[in-house]
Amino acid sequence: MQWEVLDGLLAQYGTVESCEQVNTETETAVVNVRYAAKDQARQALEKLNGFLMESYALKVCFIPDEQAGGAEGPGVGGRRGMAPRGPPRAGSPSLGARPKMQADVPLRMLVPTQFVGAIIGKEGSTIRNITKHTHSKIDIHRKENAGAAEKPITVHSTPEGCSNACRSIMEIMQKEAVDTKFTEEVPLKILAHNNFVGRLIGKEGRNLKKIEQDTQTKITISPLQDLTLYNPERTITVKGSIEACALAEQEVMKKIREAYDNDIAAMNLQSNLIPGLNLNALGLFPGGASGGMSPSMAAPPPPSGPQGAYPAFGYGVYGSEIAPWPPAPAGSPSLCGQPETETVYLFIPALAVGAIIGKQGQHIKQLSRFAGASIKIAPADGAEAKQRMVIITGPPEAQFKAQGRIFGKLKEENFFGPKEEVKLEAHIKVPSSAAGRVIGKGGKTVNELQNLSSAEVVVPRDQTPDEDDQVVVKISGHFYASQVAQRRIQEILSQVRRQQEPKPAPAGPSLARRK
């Protein structure tokens, strides 16, 4: 079993604060997991207990704080209380060492342009001194946004290194403000990708309020209206003493990094569940195969350029035009023509239609070009209809891109709350003769599909097939869950089609008829 797969499963049910393997000498891996809230831990317990992963069944139990030694949350594993059985046997679900993340999340700051010279120092002496003492790499983006009142700074280091560099920069700005008789307050401004801000704020603003109370600061976040296509960052403004702002920076960035790690884990799970999906090429990750962070997001990138300081995680910034399916090996059956076109019917709130279409249809046209899909919005069923159907036609990678962007647009436009997950219903039409294969004997296949994807999958009974002898399969869930379910259903349909193809007669050497 891989850490990335487990992390991805756990992240579906809430914010994972810690996930550590507590045994090394038994044949069963035991992992203690702490969630940010008890209800998240209970949901993980309900969904994951008995879940089949790589032919192993997970056994999950709730461990109170006093038993877990501080690790509240479901314990994932099995054979609790049994004696050790020696080293893990070959093929056992031992997780091994947790891999280090490929890259640390950089700290992004905005500083007044008039202080940039003081931060750099004479011939770069000040900035060199900061980088040396904090073991960090600091990029000051002086040439971006010419004439702007503020300039972005990116600090690449460990969390501790970023915090130390941040404190040093604040001290330099404070000194420069005194020396130049600058009368306005100089707050700390942190830039964060919009995808992470909802989790920073927390349900009903609880996370942000707690940081303010614990650090004695006042924190505000720029409105969604300030976002642009190529700059999906929000500005987090922190006001208080240097000491208070430094503490707030640590807490804010801790939440941002947790969100980043959870999203990376979810993306890794997606790539494990959809074989052959090249997530780097989808434009969801920064440029380069190494996984390194690119220095800036403030300037608009070229169409296929880097996506910025953080990945866009499926809800994407428009950008990559690379096909997200890697070429199959020579001689592979998948090389026989292009990927098959699919049609998915996605249901969105009726009030969101304008946001998806955009002014004079610009957004839906741009989305269609970006995804390589046909995207149409069906007429409303009536004046009181609360939902509208979006018809998306295209190959698998086009479906992934188009649906991901629609989910993200609904979140950005506040059709769902800051902590509320975007969950939509999607319909796929399948031949009536194949519906039984999707359901499985006694509902086995559809139940396994729901456990695998965390989506709700329903094949309504007593459906009357349409004129094409097709029936509807309904899928409800968040983006990743829906994608996994859709791909698995399409796999089943592909198997059915292959089995129905007439088998060619065996070719043999023609024998001349003997006279």
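Everything quoted here is computed from the prediction, not taken from an experiment. (Residues numbered from 1 in each chain as written. Predicted model: local features only at pLDDT ≥ 70, side-chain atom pairs only at ≥ 80, totals over all residues. Heavy atoms only, no water.)

Caption draft 1: Summary view of the sheet that holds strand 12 (residues 233–239). Strand order in this open sheet of 6 strands is 8-9-7-10-12-11, and the pairing throughout is antiparallel. The open sheet has two edge strands with one neighbour each: strand 8 (137–140) and strand 11 (218–221). Across this sheet, the average inter-strand angle for adjacent strands is 25 degrees, counted without regard to direction. The pairing of strand 11 with strand 12 spans 4 bridges and is antiparallel. Bridging from a neighbouring strand, Ile 221 pairs with Ile 236 of strand 12. Sheet contacts for helix 6 (residues 159–179): strand 7 (107–112), strand 8, strand 9 (150–156) and strand 10 (188–193); angle to strand 7, the most-contacted strand, approximately 5 degrees. Running over the sheet, helix 7 (residues 194–201) touches strand 10, strand 11 and strand 12 and is turned about 115 degrees from strand 10. (Pairing = 2+ DSSP bridges. Helix = DSSP H or I, 4+ residues; strand = E, 2+ residues; numbered from the N terminus. Axes fitted to C-alpha atoms, helices over the stretch in contact; angles between N-to-C directions. Contact = heavy atoms within 4.5 Å.)

Caption draft 2: Main features of the pairing of strand 7. Where burial is concerned, most of strand 7 is hidden: 6 out of the 6 residues are buried. Along strand 7, one buried face is formed by Leu 107, Met 109 and Val 111 and the opposite face, lined by Arg 108, Leu 110 and Pro 112, is buried too. Note: strand 7 against strand 9, 6 bridges, orientation antiparallel. From the neighbouring strand, Met 109 faces strand 9, where its bridge partner is Ile 153. (Buried < 20%, exposed > 50% of the residue type's maximum accessible area, 1.4 Å probe, protein only.)

Caption draft 3: Broad picture of the pattern of salt bridges. In this structure the tally under the stated criterion is 13 salt bridges. A salt bridge links Arg 487 to Glu 342, with the shortest nitrogen-to-oxygen separation between them at 2.5 Å. Taken together, the residues Arg 487 in helix 15 (residues 479–500) and Glu 342 in strand 13 (residues 342–349) connect sequence positions 145 residues apart. For the pair formed by Arg 487 and Glu 342, the shared burial category is buried. For Lys 409, the salt bridge identified is with Glu 413, shortest N-O distance 3.1 Å. What makes Lys 409 buried here is its relative accessible area of 12%. (Salt bridge = Lys/Arg side-chain N within 4 Å of Asp/Glu carboxyl O.)

Caption draft 4: Just the side chain of Gln 40, in detail. Counting through the fold element by element, Gln 40 comes out in helix 2 (residues 38–48). Those residues within four positions of Gln 40 in sequence are excluded, and the remaining contacts are Tyr 13, Gly 14, Thr 15 and Tyr 35.

Caption draft 5: Molecular detail of the packing of aromatic side chains. In total, this model carries 4 aromatic pairs according to the counting rule given. Ring centres 5.4 Å apart and planes at 75 degrees place the aromatic pair Phe 115 and Phe 182 in the edge-to-face group. Of this pair, Phe 115 sits in the loop between strand 7 and helix 4 (116–120) while Phe 182 sits in the loop between helix 6 and strand 10, and the two are 67 residues apart along the sequence. For Phe 115, a relative accessible area of 1% gives the class buried. Residue classification places Phe 182 among the partly exposed residues on the basis of a relative accessible area of 25%. The interplanar angle of 70 degrees and the centroid separation of 5.2 Å between the aromatic rings of Phe 400 and Phe 479 together place this pair among those described as edge-to-face. With a gap of 79 residues between them, Phe 400 in helix 12 (residues 396–412) and Phe 479 in helix 15 connect regions that are remote in the sequence. Looking at Phe 400, the relative accessible area reads 3%, which means it is buried. (Phe/Tyr/Trp six-rings, centres within 6.5 Å; stacked < 30°, edge-to-face > 60°.)

Caption draft 6: Region of interest: the environment of Ser 368. For Ser 368, the position within the fold is in helix 11 (residues 362–371). Under the relative-accessibility criterion, Ser 368 is labelled partly exposed at 23%. The contact partners of Ser 368, leaving out residues within four places of it in the chain, are Ala 373, Ser 374 and Ile 375.

Caption draft 7: Structural detail: the sheet that holds strand 17 (residues 456–458). If you trace the 6 strands from one edge of the open sheet to the other, you get 14-15-13-16-18-17, paired in antiparallel fashion. Two strands bound the open sheet, and with one partner strand each, they are strand 14 (374–377) and strand 17. Along the sheet, successive strands turn relative to each other by an average axial angle of 20 degrees, direction set aside. For strand 16 (residues 424–431) and strand 18 (residues 470–477), the ladder comprises 8 bridges, and the chain directions are antiparallel. Within strand 18, the residue paired with Lys 429 across the bridge is Val 472. Where helix 12 meets the sheet, its contacts fall on strand 13, strand 14, strand 15 (387–394), strand 16 and strand 18, and the angle it forms with strand 13 comes to roughly 5 degrees.

Caption draft 8: The side chain of Arg 257, seen in detail. Structurally, Arg 257 can be placed in helix 9 (residues 242–273). Buried and unpaired, Arg 257 has no salt bridge, with Glu 249 as the nearest side chain of opposite charge at 4.9 Å. When neighbours within four sequence positions are excluded, Arg 257 is seen to be in contact with Val 105, Pro 159 and Cys 162. (Lys, Arg positive; Asp, Glu negative; His and termini not counted.)

Caption draft 9: Inspection of helix 7 at higher detail. Of all 8 residues making up helix 7, 7 are buried, and the element is well covered by its neighbours. Among the residues of helix 7, those classed as buried are Asn 194, Asn 195, Phe 196, Val 197, Gly 198, Leu 200 and Ile 201. Trailing helix 7 by a residue or two, Gly 202 shows a phi angle of about 85 degrees, which is positive.

Caption draft 10: Region of the structure containing the environment of Thr 113. Mapped onto the elements of the fold, Thr 113 is located in the loop between strand 7 and helix 4. Residues Thr 113 and Glu 150, 37 residues apart in the sequence, show an inter-C-alpha distance of 4.8 Å. Apart from the residues lying within four places of it in its own chain, the contact partners of Thr 113 are Ala 148, Ala 149, Glu 150 and Lys 151. One polar contact links the side chain of Thr 113 to the main-chain carbonyl oxygen of Ala 148, over a distance of 2.7 Å. (Polar contact = N/O pair within 3.5 Å; in protein donor to acceptor, adjacent residues only side chain to side chain.)

These figures come from the coordinates and say nothing about function on their own.
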